[in-house]
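# Survey of secondary and tertiary structure
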Amino acid sequence: MNTAQHDRLLIIDFGSQVTQLIARRLRELNVYCEIHPFNTVTDAFLADFAPKAVIFSGGPASVFADGAPMPPKCVFELGVPILGICYGQQVMMHLLGGKVDRGQGTAEFGRAYVTPAARQLALLEGWFAADREQVWMSHGDHVSQIAPGFEVYGTSPNAPFAVTADTDRNFYAVQFHPEVHHTPNGAKLYENFVRLAGFTGDWTMGAYREEAIARIRDQVGSGRVICALSGGVDSSVAAVLIHEAVGDQLICVYVDHGLMRKNESAEVVGMFREHYNLPLIHADESELFLGKLDGVSDPETKRKIIGGLFIEVFEKHAKAIGGADFLAQGTLYPDVIESVSFSGGPSVTIKSHHNVGGLPERMNMQLVEPLRELFKDEVRALGRELGLPPSFIGRHPFPGPGLAIRCPGEITRAKLDILREADAIYIDQIRRHGLYDDIWQAFVAILPVRTVGVMGDGRTYDYACALRAVTSVDGMTADYFPFSHDFLGETATRIINEVPGINRVTYDITSKPPGTIEWE
């Protein structure tokens, strides 16, 4: 996407697990930002990116460690506002003439309270209405001496330099994490920072739609596009957007890999043929996918097999229609972030995504990924801009690998059939109780264990399943949904009574992090 016409903010990532939340806070303020790992931010990169402001993320490292993550020193010479967070604050002090000490009794993890210093600071406008602010700390080392030009504006019991700033240079630094939920007023701090930096909030989905259409037309020209359509919100919004840009140059391929939910293939194909008038190929490739997955239990291997087969199927159908120049996907920004571990970088790969990683050279096709810069809630907003119905926009996310990653361990057709029935009952229960729109994502996972039960005075030895339901904004973090015990009891009874093969139902109350939303 050509974002140069927007004010742009650069987030330099030092490996924090919540760096993505910084981006979410900024996007909510209609500020365009990008996350880039520290080791890719060079002098040339900065000159090309031309940020209007820079944020240093937190991170797990110590500034004392050999090869500690550092930004290029020229970043301080750009003349733009900089905000350092946690490790980012320590980096600023370390490089600008201050002093950082090792933990030794001043480590702080969890809730803390910051109180204001005597001086007022525009960054903290709207803070300290109750004389102190709750924040979330997560640091071992600490700043023991601030750099020349900086002053103290907020303190906490274990962080005497919790908020510091050099207002002449517009450099700001905080020891806590304002991006997380446990810093309740953190969004206000980011709002103040982008206001100080002069951002106008010009990043909107209306503007993005027009820019995306122009870019798609420029990239595709007179070429033919084949779109990987899963029926989920992401690929569907991508398909409608690309169709608006290039019309009949687009052909969609819906791949039924045998890992869809109950009746889903018929519903997806019917919806697109009847309501969107998009050219659509229904490719039933279930035998191919299930055959290749037979006996496979490792989750990463499953994902890689599915990703590779998707490419093979699209390649086959591209040849069948006389060739295609481009493959379109609904890849999102979180997919990219979670899939990439930069060589020498501070972060680790969480899981691979079937739609991230490029195409084999033999395909001789280029990728069209118009949603690659967007988070899930932004995709929903774009879908509304494109006129997709609210009932469709509000659908829960469904992963590309489908039920394969909701079936830990070896996949069999029998287990998939059991899983489909249990999942259909669970979603039906959620809808009956009017809870569907309150939940980000809900599903059943069939567990790779069997348990002893008693049904009709007889012994059973069947599968256990886990119900999962989470609330989230963008899928980067999530909390479990607080169902009532009555709901859980009623749902478990229905599943056990109506689904042969399951005799035990559990509810997963793990948040993300430390877990992921999906089980694999």
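Residues numbered from 1 in each chain as written. Predicted model: local features only at pLDDT ≥ 70, side-chain atom pairs only at ≥ 80, totals over all residues. Heavy atoms only, no water.

### Brief notes about the overall build of the protein
What counts here: The numbering of helices and of strands both runs from the N terminus, where a helix is a DSSP run of H or I of at least 4 residues and a strand a run of E of at least 2. Here the globule rule reads 2.2 Å times residues to the power 0.38, and the radius of gyration is calculated from C-alpha atoms. Burial here depends on accessible area, computed with a 1.4 Å probe over protein chains only, as a share of the maximum for the residue type. Under 20% is buried, over 50% is exposed, and the range in between is partly exposed. The contact criterion used is simple: two residues touch if any of their non-hydrogen atoms lie within 4.5 Å. Method for areas: the Shrake-Rupley scheme with a 1.4 Å probe, in which residue coverage is limited to the protein chains shown. We treat Lys and Arg as the positive residues and Asp and Glu as the negative residues; His and chain ends play no part in the count. A charge is said to be at NZ when it belongs to Lys, at CZ for Arg, at CG for Asp and at CD for Glu.
Looking only at helices and strands, the protein features 14 helices and 20 strands. On C-alpha atoms alone, the protein measures out to a radius of gyration of 25 Å, which is about the 24 Å that the 2.2 N^0.38 rule sets for 520 residues. Based on the C-alpha atoms only, the size of the protein along its principal axes is roughly 70 × 65 × 40 Å. Looking at the 520 residues of the protein, the share that counts as buried comes to 58%. Put simply, 75% of the contacts in the protein that link residues at least 6 apart link residues at least 24 apart. Accessible surface computed for the protein: about 21,400 Å², of which carbon and sulfur atoms make up 48%. Computing the positive centroid from 46 side-chain charges and the negative centroid from 64, the protein places the two 2 Å apart.

### Quick notes on the packing of aromatic side chains
Remark: the centre distance and the inter-plane angle together describe each pair of aromatic rings, the angle taken between the planes. Rule in force here: Geometry of aromatic contacts follows a simple scheme: Phe, Tyr and Trp rings, the Trp one being its six-membered ring, pair when their centres are within 6.5 Å, and the pair is stacked under 30 degrees between planes, edge-to-face over 60, tilted otherwise.
Tallying each qualifying case throughout the model produces 19 aromatic pairs. Look at F76 and F171: their rings are 5.8 Å apart centre to centre, the planes differ by 65 degrees, and that puts the pair in the edge-to-face class. Taken together, the residues span a long stretch of sequence, with F76 in the loop between β3 (53-56) and β4 (82-85) and F171 in strand β11 (residues 171-174) at a distance of 95 residues. Exposure class is identical for F76 and F171. Each is buried.

### Focus: helix α6 (residues 233-246)
We count it as follows: For a helix, the expected span equals 1.5 Å multiplied by the number of residues minus one.
Taking 1.5 Å per residue, 14 residues should reach 20 Å; α6 reaches 20 Å between its end C-alpha atoms and fits that length. Burial of α6 is extensive: 12 of the 14 residues sit out of reach of the surface. Of the positions making up α6, those classed as buried are V233, D234, S235, S236, V237, A238, A239, V240, L241, I242, A245 and V246. Of the residues flanking the end of α6, it is G247, one or two places downstream, whose phi is positive at about 60 degrees.

### So, the nonpolar core
Rules: Here the nonpolar core consists of buried residues drawn from Ala, Val, Leu, Ile, Met, Phe, Trp, Tyr and Cys, with membership extended through side-chain atoms lying within 4.5 Å.
Counting residues in hydrophobic clusters, the biggest one holds 94 residues, and the most contacted among them are L371, L382, Y426, I430 and F483. If you tally residues by element for this core, the top one is α6, at nine residues. Discounting residues that sit within four places of it in the chain, Y426 has contacts with A442, F443, V444, L467, R468, A469, F483, F487, T491 and Y507. Counting 39 residues, the second largest nonpolar core, distinct from the first, contains C33, V114, W127 and A197.

### Some words on the sheet that holds strand β13 (residues 250-256)
For the record, the criterion: Should DSSP find at least two bridges between two strands, the strands are taken to pair. A fitted line through C-alpha atoms serves as each axis, taken over the contacting stretch for helices, and the angle formed by two N-to-C directions is quoted from 0 to 180°.
Strand order in the open sheet made by the five strands is β14-β13-β12-β15-β16, with parallel pairing throughout. Here the strands that pair on one side only, and so sit at the sheet edges, are β14 (280-284) and β16 (366-368). Shown here is a sheet whose adjacent strand axes are inclined to one another by a mean of 30 degrees, direction ignored. Note that strand β12 (residues 225-229) and β13 share five bridges and pair parallel.

### Remarks on the pattern of salt bridges
We apply this condition: Counted as salt bridges are all cases of a side-chain nitrogen of Lys or Arg within 4 Å of a carboxyl oxygen of Asp or Glu.
Under the defined criterion, the tally for this structure stands at 24 salt bridges. Where E421 meets K262, a salt bridge forms, and the shortest distance between an N and an O atom there is 3.1 Å. Of this pair, E421 sits in helix α13 (residues 413-432) while K262 sits in the loop between β13 and α7 (264-276), and the two are 159 residues apart along the sequence. Residue E421 is classed as partly exposed on the basis of its relative accessible area of 32%. Notably, a salt bridge pairs R395 with E264, separated by 3.0 Å at the nearest N-O pair. Here the residue R395 occupies a position in the loop between α12 (390-393) and α13, and E264 occupies one in helix α7, the gap between them amounting to 131 residues. What emerges from the salt-bridge pattern is a single network uniting D428, R432, R494 and E498.

### Focus on the pairing of strand β2 (residues 32-37)
Residues in a regular strand point their side chains to alternate faces of the sheet. To keep things clear, this is the line we draw: For crossovers, right-handed means that the path from the first strand over the helix to the second runs clockwise, given strands pointing away from the viewer.
Extensive coverage of β2 is indicated by the burial of six of its six residues. Every second residue of β2 is oriented toward a common face, with Y32, E34 and H36 on one face and C33, I35 and P37 on the other, all of them buried. Taken together, the six bridges between strand β1 (residues 8-13) and β2 define a ladder with parallel strand orientation. Across the sheet, the residue bridging to L9 is C33, located in β2. Between the parallel elements β1 and β2, the chain passes through helix α1 (residues 19-28) in a crossover that is right-handed.

### Topic: the environment of Q366
Position of Q366 relative to the elements: it lies in strand β16. Looking at Q366, the relative accessible area reads 47%, which means it is partly exposed. In this structure the C-alpha to C-alpha distance between Q366 and M271, which are 95 residues apart in sequence, comes to 28 Å.

### Concerning the confidence of the model for the protein
Rules: pLDDT gives the predictor's per-residue confidence on a scale running from 0 to 100.
Per-residue confidence for the protein gives a mean pLDDT of 88, with 92% of residues at or over 70. No element of the protein has a lower mean pLDDT than helix α10 (residues 333-339), at 70, and none a higher one than β3, at 98. Across residues 341-357, confidence stays below pLDDT 50; counting only partners more than four residues off in sequence or on other chains, it has 50 contacts.

### A closer look at the pairing of β14
Pairing between β13 and β14: five bridges, direction parallel. Among the inter-strand pairings, V253 is bridged to a residue of β14, identified as I281.

### Description of the state of the cysteines
To keep it simple, the criterion reads: Count a disulfide wherever a pair of cysteine sulfur atoms falls within 2.5 Å.
Counted under the stated rule, the structure contains zero disulfides. Summary of cysteine pairing: C407 is not part of a disulfide, and the nearest cysteine sulfur, belonging to C465, is at 12 Å.

### Quick notes on the environment of K415
Assignment of secondary structure puts K415 in helix α13. In this structure the C-alpha to C-alpha distance between K415 and V220, which are 195 residues apart in sequence, comes to 42 Å. Ignoring any residue separated from it by four or fewer positions in sequence, one finds K415 in contact with C407, P408, E410, I446 and Y463.

### Examining helix α3 (residues 87-96)
Counting buried positions over the 10 residues of α3 gives eight, a clear majority of the element. By the burial criterion, the buried members of α3 are Y87, G88, Q89, Q90, V91, M92, M93 and L96.

### Digging into the side chain of D508
The cut-off we apply is this: Contacts described as polar in this section are N or O atom pairs within 3.5 Å, which, within protein, must combine one atom able to donate a hydrogen with one able to accept it, while residues neighboring in sequence count only if both atoms come from side chains.
Along the polypeptide, D508 turns up in the segment after β20 (502-507). Overall, D508 belongs to the buried group, its relative accessible area being 12%. Looking at D508, its side chain comes within polar contact range of the side chain of R468, at 3.4 Å. Filtering out sequence-adjacent residues up to four positions away, D508 remains in contact with L467, R468, Y480 and W519.

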